[in-house]
Amino acid sequence: VAQSQHHVAWDRTPQRVLVLAKRHADDEELDVAYRIARHLHEACGVDVLLADPLYEQIGKRLPAVELWQGEHVSRSPDFVATLGGDGLLLYANTLFQATPPPPVVAFGAGSLGFLAPFDVDDEQTGGTVEETLDEAVSLGEGELEPWPVSLRMRLRCRVVDGASGKVVGGHEALNEVALDRGNSPFLSAVECFCNDEHLTTAQADGLIVATPTGSTAYSLSAGGPMVHPSVNAMVFTPICAHSLSFRPIVFPDSCTLRFDVDPDARADAWVTFDGRSRVCLKRGDSLIVTASPHPLPTV
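Residues numbered from 1 in each chain as written. Predicted model: local features only at pLDDT ≥ 70, side-chain atom pairs only at ≥ 80, totals over all residues. Heavy atoms only, no water.

**Student:** Can you lay out the pairing of strand S18 (residues 277-281) for me, pointing to particular residues and giving the numbers?
**Tutor:** Sheet topology places strand S17 (residues 269-273) next to S18; five bridges connect them, and they run antiparallel. Counted as the bridge partner of Ala269 is Leu281 from S18. Connecting S17 to the next strand, S18, in antiparallel fashion are three residues, including Asp274 with a positive phi near 55 degrees. (Pairing = 2+ DSSP bridges. Helix = DSSP H or I, 4+ residues; strand = E, 2+ residues; numbered from the N terminus.)

**Student:** Please set out the environment of Asp196 residue by residue, giving values where relevant.
**Tutor:** Among the structural elements, Asp196 can be located in the loop between strand S12 (188-194) and strand S13 (197-210). Here the alpha-carbon distance between Asp196 and Arg258, two residues 62 residues apart in the chain, equals 7.5 Å. Looking at Asp196, its side chain comes within polar contact range of the side chain of Arg258, at 2.8 Å. (Polar contact = N/O pair within 3.5 Å; in protein donor to acceptor, adjacent residues only side chain to side chain.)

**Student:** Report on the state of the cysteines, specifying residues and quantitative values.
**Tutor:** In protein chemistry, a disulfide is the covalent bond that joins the sulfur atoms of two cysteines. Going through the model one piece at a time under the given rule, you end up with zero disulfides. In this structure Cys192 is a free cysteine whose sulfur lies 11 Å from that of Cys194, the closest cysteine sulfur available. With no disulfide of its own, Cys255 has Cys194 as its nearest cysteine by sulfur position, at a separation of 3.6 Å. (Disulfide = S-S within 2.5 Å.)

**Student:** Tell me about helix H1 (residues 27-42), residues and numbers included.
**Tutor:** For H1, which comprises 16 residues, the first-to-last C-alpha distance of 22 Å matches the rise-based estimate of 22 Å (1.5 Å per residue) to within 8%. For H1, the full list of buried residues reads Glu29, Leu30, Val32, Ala33, Tyr34, Ile36, Ala37, His39 and Leu40. Residues of H1 that are buried make contact with strand S2 (16-21), strand S3 (47-50), helix H2 (54-58), strand S5 (79-84), strand S6 (104-108) and helix H4 (129-137). With a side-chain oxygen lying 3.2 Å from the backbone nitrogen of Glu28, the N-terminal cap of H1 falls on Asp26. (Expected span 1.5 Å × (residues − 1). Buried < 20%, exposed > 50% of the residue type's maximum accessible area, 1.4 Å probe, protein only. Contact = heavy atoms within 4.5 Å.)

**Student:** Describe the packing of aromatic side chains, and please don't skip the residues or the numbers.
**Tutor:** Evaluated as defined, the whole model comprises seven aromatic pairs. Three or more aromatic residues joined by ring pairs form one cluster here, namely Phe236, Phe246, Phe251 and Phe259. In this arrangement the basic side chain of Arg61 is found over the ring face of Tyr34, its NZ or CZ atom lying 3.9 Å from the centre. The positively charged end of Arg258 is found above the aromatic ring belonging to Phe193, 4.0 Å away from the centroid. (Phe/Tyr/Trp six-rings, centres within 6.5 Å; stacked < 30°, edge-to-face > 60°. Lys NZ or Arg CZ within 6 Å of the ring centre and 35° of its normal.)

**Student:** How would you explain the nonpolar core if you had to name every residue and give the values?
**Tutor:** Ile36, Leu40 and Phe107 are the most contacted members of the largest nonpolar core, which totals 35 residues. Filtering out sequence-adjacent residues up to four positions away, Phe107 remains in contact with Ile36, Thr82, Leu83, Gly84, Ala116, Phe118, Asp119, Val120, Val129, Thr132 and Leu133. Counting 29 residues, the second largest nonpolar core, distinct from the first, contains Val159, Cys192, Val271 and Leu281. (Core = buried A, V, L, I, M, F, W, Y, C linked by side-chain atoms within 4.5 Å.)

Encoded structure:
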């Protein structure tokens, strides 16, 4: 189904909302976050969850809010309201690694806002953050039309120990997973496979597997193509490959990509998920990348 055909509407009134803000939010942004949390609780009648450090910053002013303690501890929110830029959306993605993420309503307050379509206070239309929240909570009721939603593909990444064959780490990445040589002066030596078919032996500074959302980020800087978010695909982009013929490849989301660090490589490799968490891939270890069954819905 084309993503343009997806819409979000509630079959019941939302009960819980998780509110997130930038880690280094200034006083003005904290005031907006306070407005969001207070309006959701007092006017919309929903329970509000705040993650640290926002809970420490404004929680005392809102005694009714709860501290978000993780997807396995706290009650799952019906949607997430973010106040920041694209980096905050990447952080929101990290909070839902083992469970399907709820829809995200993103208000722009960062340096990059490609994924944050809502303004806090729209001077052109006169709309306010409170009016947007009222509509978000009431989607599908009365004359309110459901909002279109983009189901943003995520990558299910698993790190496999070469000696035991066991999965020793993983991440659900929204933008990309990047395999690189770290601080080694030697090129990475990686065997690349698609559905267990050998693609190439890559000698390069690194490799990137990106989602359509992440195709305009690190992958684009490395020479990869831009892919529309409604296309279900994985973009495989080399970083400074020592080859005249190794070019970016777009794979369907049904593929399983595997990258084996050569046991005879001069150094270990490193894997970074969405530019945030980082894991060492020892010689003989593997990275397996597939499309996650749980996309991130962004309104």
